[in-house]
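Letter by letter, the chains look like this.
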Amino acid sequence: MKPELPENVRVRFCPSPTGTPHVGMVRTALFNWAEARHTGGTLVFRIEDTDAVRDSEESYNQIIDALKWLGIDWDEGIEVGGPDGPYRQSERGEFYKEAARKLLEAGYAYESFSTPEETAARNVAAGRPKEFGYDGYDRTLTEEQKAAFRAEGRKPAIRIKMPDEDIVFDDLIRGRIEFKAGSVPDYVIVRPNGDPLYTLTNPVDDAMMNINVVLRGEDLLPSTPRQIVLYQYLIKLGIARQMPLFGHMPYVMGEGNKKLSKRDPESNLFLHRENGFIKEGLLNYLALLGWSISPDNDIFSMEEMVEAFDVRDVKANPAHFDLKKAISINAEHIRMLEPQDFLNRSVPYLFKEGLVSADNWDALTEWEQEVLTKAAPLVQSRVRLLGEVGGMVGSLLSTEEYIAPDKDAVKQLKDSSADVLDAAIAACENISDDGWTTDNLHETLTDVLVEKGGYKPRLAFGPVRVAMSGRRVSPPLFESMEIVGKDISVARLKGLREHLAEIRG
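Calculation criteria
Residues numbered from 1 in each chain as written. Predicted model: local features only at pLDDT ≥ 70, side-chain atom pairs only at ≥ 80, totals over all residues. Heavy atoms only, no water. Helix = DSSP H or I, 4+ residues; strand = E, 2+ residues; numbered from the N terminus. Rg over C-alpha atoms; globule rule 2.2 N^0.38 Å. Buried < 20%, exposed > 50% of the residue type's maximum accessible area, 1.4 Å probe, protein only. Contact = heavy atoms within 4.5 Å. Areas by Shrake-Rupley, 256 points an atom, 1.4 Å probe, with all protein chains shown as cover. Pairing = 2+ DSSP bridges. Right-handed = clockwise from strand over helix to strand, strands pointing away. Polar contact = N/O pair within 3.5 Å; in protein donor to acceptor, adjacent residues only side chain to side chain. Phe/Tyr/Trp six-rings, centres within 6.5 Å; stacked < 30°, edge-to-face > 60°. Lys NZ or Arg CZ within 6 Å of the ring centre and 35° of its normal. Core = buried A, V, L, I, M, F, W, Y, C linked by side-chain atoms within 4.5 Å. Axes fitted to C-alpha atoms, helices over the stretch in contact; angles between N-to-C directions.

Colleague: Pulling in residues and values, what's your account of the overall build of the protein chain?
Modeller: Each helix and strand in the protein chain was counted, giving 20 helices and 12 strands. Against the globule reference of 23 Å for 505 residues, the protein chain gives a C-alpha radius of gyration of 32 Å, more extended than a compact globule. Taken over the C-alpha atoms alone, the protein chain extends approximately 105 × 50 × 40 Å along its principal axes. Put simply, the protein chain has 505 residues, and 51% of those count as buried. Partitioning the intrachain contacts of the protein chain with sequence separation of at least 6 by distance along the chain shows that 74% fall at a separation of at least 24. Accessible area for the protein chain stands at about 23,800 Å²; split by element, carbon and sulfur atoms hold 49% of it.

Colleague: Requested: an account of the pairing of strand β1 (residues 10-13), with residues and values cited.
Modeller: Of the two faces of β1, both are covered, the one formed by Arg10 and Arg12 as well as the one formed by Val11 and Phe13. Alignment of β1 against strand β2 (residues 42-45), held across 4 bridges, turns out to be parallel. Paired with Arg12 across the two strands is Val44, which belongs to β2. Read from β1 through helix α1 (residues 23-39) to β2, the crossover connection turns out right-handed.

Colleague: Residues and numbers for the pairing of strand β5 (residues 157-160), please.
Modeller: Taking every second residue as pointing to the same face, both faces of β5 are buried, with Ala157 and Arg159 on one and Ile158 and Ile160 on the other. In terms of strand pairing, strand β4 (residues 109-112) meets β5 through 4 bridges, oriented antiparallel. Its bridge partner lying in β5, Ala109 is registered against Ile160. Where β5 and strand β8 (residues 187-190) come together, 3 bridges link them in antiparallel fashion. Residue pairing in the sheet places Ile160 in a bridge with Tyr187 of β8.

Colleague: Let's hear about the sheet that holds β2: which residues, and what values?
Modeller: Within a beta sheet, neighbouring strands are joined by backbone hydrogen bonds and run either parallel or antiparallel to one another. Taking strand neighbours across the sheet as the criterion, the 3 strands line up as β1-β2-β3 in an open arrangement whose pairing is parallel. Edge strands, defined here as strands with exactly one partner in the open sheet, are β1 and β3 (76-77). Bridging between β2 and β3 involves 2 bridges; their strand directions are parallel. Residue pairing in the sheet places Phe45 in a bridge with Gly77 of β3.

Colleague: Can you tell me about the environment of Val464, naming the residues and giving the values?
Modeller: Structurally, Val464 is set in helix α18 (residues 457-469). Relative accessible area serves as the criterion here: at 0%, Val464 is assigned to the buried category. Each C-alpha atom of the pair Val464 and Leu493 lies 6.7 Å from the other, and the pair is 29 residues apart in sequence. In this structure Val464 touches Leu421, Ala424, Leu449, Leu477, Met481 and Leu493, once residues within four positions along its chain are discounted.

Colleague: Residue-level account of the side chain of Glu76, with values.
Modeller: Mapping Glu76 onto the fold places it in strand β3. Only 3.0 Å separates the side chain of Glu76 from the side chain of Arg10, close enough to count as a polar contact.

Colleague: How would you summarise the packing of aromatic side chains if you had to cite specific residues and measurements?
Modeller: For the structure shown, the criterion picks out 10 aromatic pairs. Aromatic side chains Phe113 and Phe149 sit 5.2 Å apart centroid to centroid with 20° between the ring planes, which places their arrangement in the stacked category. Taken together, the residues Phe113 in the loop between β4 and α4 (116-125) and Phe149 in helix α5 (residues 143-151) connect sequence positions 36 residues apart. For Phe113, a relative accessible area of 3% corresponds to the buried category. An aromatic cluster of at least three residues, connected via ring pairs, comprises Phe31, Trp291, Phe300 and Phe309. One residue, Arg159, lies across the ring of Tyr134, its end atom 3.6 Å from the ring centre. If you follow Arg273 out to its NZ or CZ, it ends over the ring of Trp69, 5.2 Å from the centre.

Colleague: Quick one: what's the story with the nonpolar core, residue by residue and with numbers?
Modeller: Counting 92 residues, the largest nonpolar core has Leu30, Phe45, Leu103, Ile160, Leu200 and Met305 as the members making the most contacts within it. Of the residues forming this core, the biggest block, 9 residues, is contributed by α1. Sequence-distant contacts of Leu103, defined by excluding residues within four places in its chain, comprise Tyr108, Ala109, Ile160, Ile189, Leu200, Leu230, Tyr233 and Leu237. Residues Tyr349, Leu364, Ala375 and Leu386 belong to the second largest nonpolar core, which totals 55 residues.

Colleague: Tell me what's going on with the sheet that holds β8, and back it up with residues and numbers.
Modeller: Taken together, 3 strands build an open sheet; the order of strands is β4-β5-β8 and the sheet is antiparallel. Of all strands in the sheet, those bounded by a partner on one side alone are β4 and β8. Sheet twist, expressed as the mean angle between neighbouring strand axes with direction ignored, is 45°.

Colleague: Which residues make up the environment of Ser489, and what are the values?
Modeller: With respect to the secondary-structure elements, Ser489 resides in helix α20 (residues 486-504). Separated by 64 residues in the primary sequence, Ser489 and Ile425 have C-alpha atoms spaced 9.1 Å apart. If sequence neighbours within four positions are ignored, Ser489 has contacts with Trp436, Met468, Met481 and Val484.

Colleague: Lay out the environment of Gly175 in plain terms, naming residues and giving numbers.
Modeller: As for its placement among the helices and strands, Gly175 is situated in strand β7 (residues 175-179). Looking at Gly175, the relative accessible area reads 6%, which means it is buried. Through-space distance from the C-alpha of Gly175 to that of Lys456 is 63 Å; in sequence the pair is 281 residues apart.

Below, the structure is given as structure tokens:
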């Protein structure tokens, strides 16, 4: 049975800044955000940065950048403040020391002097595998024994006492989950050097920030019984008000039915942005990794997701990251953009490719704006990623009189190409400047090449398309010729004709 949600939902997103933001992390942020927005609850954003070796400020800034780009906002936490700050764990050390002290004094935790080698040796001596785990040896140490260890220069870790009883909870996604008594050993919350571990910092922060719904990845499920027990102790100590509800989201799988790794290219959020995913398309696809808005609808806005989302509808089965489907969904969202919005978002990609003079629409030249405005309706419905726009409009923005065709385009140049180009050149030269329109170009070249020349449309217009764009796939041909203008269009036809022999080898 899946439990009811609390009246005032408080969820959190608490990543560690240990690398480039990845799609699994963003999916977690998205589902927490959607639950908070759907219920009118609160999303708290904090950073778990107590790992001095792995954490980096660069990664921290990338996480902020990722959330802001995607439009995932939060109510309390980093940058916006709130009543329970600070919101970086590296600044909350005193809270963890105080919690550990209270746990020790109340007898819910104890000092542990055993080394990993000693624990392994005891396991072997008892006929258990040496990897069996910690055996509770230090639970019953006397003060004299502790003093003897300290005299040797040893410093203790602090471990939580796990109760000798089953631990059962109702997961928001998976239903009832049970961990048998004795299956989870006493675990460390503070290292011998005094550094608090995730096993302490995460629940203490959740408790102090009154988090009542914890939505996180399936990989953290094994730690849940530990957190439940610690929460029971924190409640008794007055540090926590209630036990939160837990929901464990399914793994995101990659190629070959393996869990998607941070190192997999499909996992890299910024690589998707560089390739031209828009936030609406990427968020829509990430929402489908474990959830759906309805059986027959894969395309929806974030407003529609918020309206429909309930974490209890998330599926427990692993979700597969399908890049082709993600791109297809992105294409749908690109088509839904207002034309000017599409252009505004495309310009940075065009600038990066050196096709325009500035990285924002307002700074472009009047001529660049004019060409792109005319090109938008021709291109917007044909690209799947903003990174493909340059390949479609590059020839329209170019004043080159000859564009060397790429290999794929050369394959379109058949034996009849020379005659086709000669006829096209002659026909185009006879069109007046006033008559250089899409409709007239279509009518004239169809008459000359198809009706009178007897060429099939593919053979008739293929060479002309290659001459105009250098590509096999381009915006509609006659519209492109009108945008480029007569002089350059005729020059490109002649240029291809002149290079035809050497191109075809």
